[in-house]
Amino acid sequence: MGVGPSGRVDRLLWVVHRWIWDDPDRRVRKLLSFAEVETDGGRDLLRAAEVTADPLLRRLYLAHAIDELHHGDLLRQRGAALLRTRTQRTALAAPSRWLPSDGHGIDDLRIGDEPDESLLAFLHLAEKSAAGRFSIYREVVGDDTLTRAVFEEILHDEVFHMNYTYTQLARIAPGSYRRRLWRARAGRLWKQYLRLSSAFAGVIGTIMLTVVYFILLPPFAWLAKRAERREKAGWALHPSEPNESLTGQY
Ligand SMILES: [Fe+2]
Ligand SMILES: [Fe+2]
């Protein structure tokens, strides 16, 4: 199985993946969010099966949709089973934005007026990324045999999806399938760049606000306190109006 550019990035993020899956709360949250992504992908593929004019692709999209909906069920059931074993009932915190995304790309799928060539190129790359991700997840949850078994089953299907989308793309666009793949790859890279930039902007914003709070604000607080110490307690006459009555109306 080949592992694409995002697969190499995931390998570099191995320690982060291990850290995410080691924690029981994060494990449950990840499984449940993956379940949503897979189910949404299944629904989109059902739509793709409806709109394609190619009978073979319609059958393949339908089989693919059934697989993705099944993945959603497997992940949801495993997440729910782990959730029931949690002794401490605490709310699951929202995931940090800098963590690797849950979608491996298929969450960006939009079925509209896109021709089958573009859809197959997009799907091939998303499935390749999914195969790379699930092979890592399978290893980092090695202590949890049931979750590992779920990932193994899903990985088997993702490799099939990765291969059939490539074969079908080469069948329907023999002269342009490489160009289609490069275009789809550029689109994915651009989306990854936007995701990373947005996460980076969030981190920089937090750092800047922390710097302002701890470095710029203390001098002003100190000046305000010093001015307060110099003020006399109680009421005082204004120097420009020393004879003004405090009880008179004018
Ligand atoms: Fe899947
Ligand atoms: Fe898939």
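None of the values given here were measured: they were computed from a predicted structure.

The rules we used
- Numbers given for residues are sequential positions, taken from 1 along each chain in its written order.
- Note on labels: chains are lettered from A, ligands numbered from 1, in written order.
- Residues qualify for local features only when their pLDDT is at least 70, as the model is predicted, and side-chain atom pairs are given and counted only at 80 or more; totals for whole chains, interfaces and linings, by contrast, use all residues.
- To get the side-chain values, take all heavy atoms of the structure and skip hydrogens and water.
- Strands here are runs of E lasting at least two residues and helices are runs of H or I lasting at least four, both read from the DSSP assignment and numbered beginning at the N terminus.
- Partly exposed describes any residue whose relative accessible area lies between the buried limit of under 20% and the exposed limit of over 50%, with all areas from a 1.4 Å probe on protein chains only and scaled to the type maximum.
- Any two residues having at least one pair of non-hydrogen atoms within 4.5 Å are treated as being in contact.
- The Shrake-Rupley method, run with a 1.4 Å probe, gives the accessible areas here. Residue values count only the displayed protein chains as cover.
- Here a salt bridge means any side-chain nitrogen of Lys or Arg lying within 4 Å of a carboxyl oxygen belonging to Asp or Glu.
- Any N, O or S atom lying within 2.8 Å of the metal counts as a donor, with the limit raised to 3.2 Å for Na, K and Ca; because water is left out of the atom set, some sites can appear incomplete.
- How far a helix is expected to stretch is found by multiplying one less than its residue total by 1.5 Å.
- Every residue is assigned a pLDDT by the predictor, reflecting its confidence on a scale from 0 to 100.
- Here the aromatic set is Phe, Tyr and Trp, taking the six-membered ring for Trp, and pairing holds for ring centres within 6.5 Å; pairs whose planes are under 30 degrees apart are stacked, those over 60 apart are edge-to-face, and all others are tilted.
- We count a charge as sitting over a ring when the NZ of a lysine or the CZ of an arginine lies within 6 Å of the ring centre and within 35 degrees of the ring normal.
- To qualify as a nonpolar core, a set must consist of buried Ala, Val, Leu, Ile, Met, Phe, Trp, Tyr and Cys residues joined through side-chain atoms within 4.5 Å.
- Patches draw on residues past 30% relative accessible area with no salt bridge. Two like charges within 9 Å are joined, as are two nonpolar side chains (Val, Leu, Ile, Met, Phe, Trp, Tyr) within 5 Å.
- The charge count treats Lys and Arg as positive and Asp and Glu as negative. His and the chain ends do not count.
- The atom standing in for a charge is NZ when the residue is Lys, CZ when it is Arg, CG when it is Asp and CD when it is Glu.

*Asks:* Just give me the short version of the overall build of the protein chain, but keep the residues and values in it.
*Replies:* In terms of helices and strands, the protein chain carries seven helices and zero strands. Within the protein chain, the proportion of its 250 residues that are buried is 38%. Within the protein chain, contacts between residues separated by at least 24 positions form 77% of all contacts whose residues are at least 6 apart in sequence. With the model as given, the accessible surface of the protein chain reaches about 15,600 Å², and the carbon-plus-sulfur share is 61%.

*Asks:* Hey, could you go over the pattern of salt bridges for me, with residue numbers and the actual values?
*Replies:* For the structure shown, the criterion picks out nine salt bridges. Among the salt bridges present, the one from Arg76 reaches Glu36, with a minimum N-O distance of 3.8 Å. Residue Arg76 is located in helix 4 (residues 55–85), and its partner Glu36 is located in helix 3 (residues 24–51); the two are separated by 40 residues in the primary sequence. Since its relative accessible area comes to 28%, Arg76 is described here as partly exposed. What makes Glu36 partly exposed here is its relative accessible area of 43%. The closest approach of N and O atoms between Arg78 and Asp144, which form a salt bridge, is 3.1 Å. Note that Arg78 is positioned in helix 4 and Asp144 in the loop between helix 5 (116–140) and helix 6 (145–172), a separation of 66 residues in sequence.

*Asks:* Can you lay out the coordination of the iron ion (ligand 2) for me, pointing to particular residues and giving the numbers?
*Replies:* Ideal values differ by geometry: the angle at a metal is 109.5 degrees with four tetrahedral donors, but 90 or 180 degrees with six octahedral donors. Of the protein atoms, only Glu68 (OE), Glu127 (OE), Glu127 (OE), Glu158 (OE) and His161 (ND1) coordinate the iron ion (ligand 2), at distances of 1.9 to 2.6 Å. The sequence pattern describing where the donors of the iron ion (ligand 2) fall on their chain is E-x58-E-x30-E-x2-H. Between the iron ion (ligand 2) and the iron ion (ligand 1), a spacing of 3.3 Å is present, and a bridge between the two is formed by Glu68. Of this pair, Glu68 sits in helix 4 while Glu127 sits in helix 5, and the two are 59 residues apart along the sequence. There is no split in this pair, since Glu68 and Glu127 are both buried.

*Asks:* So, helix 5: which residues are in play, and what are the values?
*Replies:* With 25 residues, helix 5 extends 35 Å from end C-alpha to end C-alpha; this agrees with the ideal 36 Å at 1.5 Å per step. With respect to burial, helix 5 is a largely interior element, 21 of its 25 residues being buried.

*Asks:* Which residues make up the coordination of the iron ion (ligand 1), and what are the values?
*Replies:* Every protein donor of the iron ion (ligand 1) is listed here as Glu38 (OE), Glu68 (OE), His71 (ND1) and Glu158 (OE), and their distances to the metal cover 1.9 to 2.3 Å. Overall, the relative accessible area of 0% leaves His71 in the buried class.

*Asks:* Can you lay out the confidence of the model for the protein chain for me, pointing to particular residues and giving the numbers?
*Replies:* On average, residues of the protein chain carry a pLDDT of 86, and 82% of them reach 70 or more. Confidence, read as mean pLDDT per element, is least for helix 1 (residues 5–12) in the protein chain (66) and greatest for helix 6 (97).

*Asks:* If you had to explain the packing of aromatic side chains to someone new, which residues and values would you point to?
*Replies:* In the structure shown here, the tally under the stated rule is 12 aromatic pairs. Every member of this aromatic cluster is reached through a ring pair, and the members are Trp21, Phe34, Phe134, Tyr137 and Phe151. Sitting over the face of the ring of Trp19, Arg26 holds its NZ or CZ atom 3.7 Å from the ring centroid. Sitting over the face of the ring of Trp182, Arg185 holds its NZ or CZ atom 4.6 Å from the ring centroid.

*Asks:* Tell me about the nonpolar core, residues and numbers included.
*Replies:* Counting 21 residues, the largest nonpolar core has Trp21, Leu75, Phe134 and Phe151 as its most contacted members. Taken together, the elements giving at least two residues each to this core come down to helix 2 (14–22), helix 3, helix 4, helix 5 and helix 6. If you tally residues by element for this core, the top one is helix 5, at six residues. Residues within four places of Phe151 in sequence aside, it is in contact with Trp21, Leu31, Leu75, Phe134, Tyr137, Arg138 and Val141. Formed by 18 residues, the second largest nonpolar core is a distinct cluster that contains Leu60, Ala121, Leu125 and Tyr164.

*Asks:* Break down a nonpolar patch on the surface for me, citing the residues and quoting the values.
*Replies:* A cluster of nonpolar side chains, namely Phe200, Val203, Ile204, Ile207, Met208, Val211, Val212, Tyr213, Phe214, Ile215, Leu216 and Leu217, defines an oily patch on the protein surface of about 1,200 Å² accessible area. Note that Val203 resides in helix 7 (residues 177–230). Val203 gets classed as partly exposed once you look at its relative accessible area, which sits at 38%.

*Asks:* Lay out a positive patch on the surface in plain terms, naming residues and giving numbers.
*Replies:* Taken together, Lys225, Arg226, Arg229 and Arg230 make up a surface patch of like positive charges. Residue placement: Arg226 occurs in helix 7. Note on Arg226: relative accessible area 32%, which makes it partly exposed.

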